[in-house]
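Each chain, letter by letter, is given below.
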Amino acid sequence: MADTVKGPAGYFPSIEKKYGRPIAEWKDLIRASPLTRHMELVAWLKTEHGLGHGHANALVADTLAERK
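Rules of the game
- Residues numbered from 1 in each chain as written.
- Predicted model: local features only at pLDDT ≥ 70, side-chain atom pairs only at ≥ 80, totals over all residues.
- Heavy atoms only, no water.
- Axes fitted to C-alpha atoms, helices over the stretch in contact; angles between N-to-C directions.
- Helix = DSSP H or I, 4+ residues; strand = E, 2+ residues; numbered from the N terminus.
- Left-handed = near helix turned anticlockwise from the far one by under 90°.
- Contact = heavy atoms within 4.5 Å.
- Nonpolar A, V, L, I, M, F, W, Y, C, P; charged D, E, K, R; others polar.
- Buried < 20%, exposed > 50% of the residue type's maximum accessible area, 1.4 Å probe, protein only.
- Arc of directions from axis to C-beta.

## Looking at the packing of helix α2 (residues 23–32) against helix α3 (residues 38–49)
Packing of α2 against α3 leaves a shortest axis separation of 11 Å and a crossing angle of 115°. Crossing angle aside, the handedness with which α2 passes α3 is right-handed. Contacts between α2 and α3 involve W26, L29 and I30 from the former and L41, W44, L45 and H49 from the latter. When its residues are assigned to classes, the contact of α2 with α3 shows six nonpolar, one polar and no charged.

## Describing α2
Along an α-helix, a turn takes 3.6 residues, which lines up residues three or four apart on a common side. Looking only at α2, the buried set comprises I23, W26, K27 and I30. Down the axis of α2, the smallest arc covering the buried residues is 95°, so these residues share one side. For α2, the secondary structure elements touched by its buried residues are α1 (12–19), α3 and α4 (53–65).

Below, the structure written as structure tokens:
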């Protein structure tokens, strides 16, 4: 039986399918943004790029976790 991906990365296949961009590209956008706070980045992805809240939240959470 295949391992199920848990946490924010569990959303990645549906994000790529729905929005047509690879996760690496979304993460690059987040890293390049002058915004630094989690919810600011989520709101930015939602308003500027049309992502849903759950997808934006998953991308931001996973990207910011890399900094730690």
